[in-house]
Amino acid sequence: MRTFITLLFILLFASFGTAQNHSTLFAEGVELMSRGEYEKASATLEQALAIADEATELKTLFYLAQSQLLEGNTSKAVESYSKALDIKKDDNTLLTRRAEAYIKQGEHDRAIEDCTTVIRSQPNDTTALLVRAEAYSALKEYDKAKNDINRILKLQPRNTDAR
């Protein structure tokens, strides 16, 4: 019985240590991002992701993708956003952020698909409309881009990004 209690204590302590290590690594990664040290942030957040539990995995993937995007590693950012979307399907923020990464990769059609998915569920999402307008413009589909910009200006007449 004593061996069982000792083993139980060790398992509980080990899982507590993992959670704490994730929190520490996550906080360090976010801090590195805030200082503009994106490569170090990505490496630290990847370590945090490796020990993340279900409750922390989505948030860690989101910040990892942001860091990868800021460091210019768009393919890794798309991969991280896609993994996050596997966890939380049709999340509008994740879809819009992935669309921004697709644009940086020159994958404008895929960006339009993600933004259109967002706009179907949230017709007044000005961020998705703006990102989609950027993708349309890159494809020289200026009428479609103009329609999205006009929609934004109708919703938010003072939106400086749409002007």
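In what follows, the accompanying structure is described. Since we're looking at a predicted model, the values are computed, not measured.

This brings us to unusual backbone geometry. Even without being a glycine, Asp-90 presents a positive backbone phi close to 55 degrees. Structurally, the position occupied by Asp-90 is in the loop between helix 4 (74-87) and helix 5 (92-105). Of note, Lys-140 is a non-glycine position whose phi angle comes to about 65 degrees, a positive value. With respect to the element layout, Lys-140 can be found in the loop between helix 7 (126-138) and helix 8 (142-155).

This part takes up the environment of Leu-153. Mapping Leu-153 onto the fold places it in helix 8. A residue is classified by how much of its surface remains accessible, and Leu-153, at 23% relative accessible area, is partly exposed. Taking C-alpha positions, Leu-153 is 9.1 Å from Thr-126, a pair spaced 27 residues apart along the chain. Leaving out residues up to four positions away in the same chain, Leu-153 has contacts with Asn-159, Ala-162 and Arg-163.

Thresholds applied
Residues numbered from 1 in each chain as written. Predicted model: local features only at pLDDT ≥ 70, side-chain atom pairs only at ≥ 80, totals over all residues. Heavy atoms only, no water. Helix = DSSP H or I, 4+ residues; strand = E, 2+ residues; numbered from the N terminus. Buried < 20%, exposed > 50% of the residue type's maximum accessible area, 1.4 Å probe, protein only. Contact = heavy atoms within 4.5 Å.

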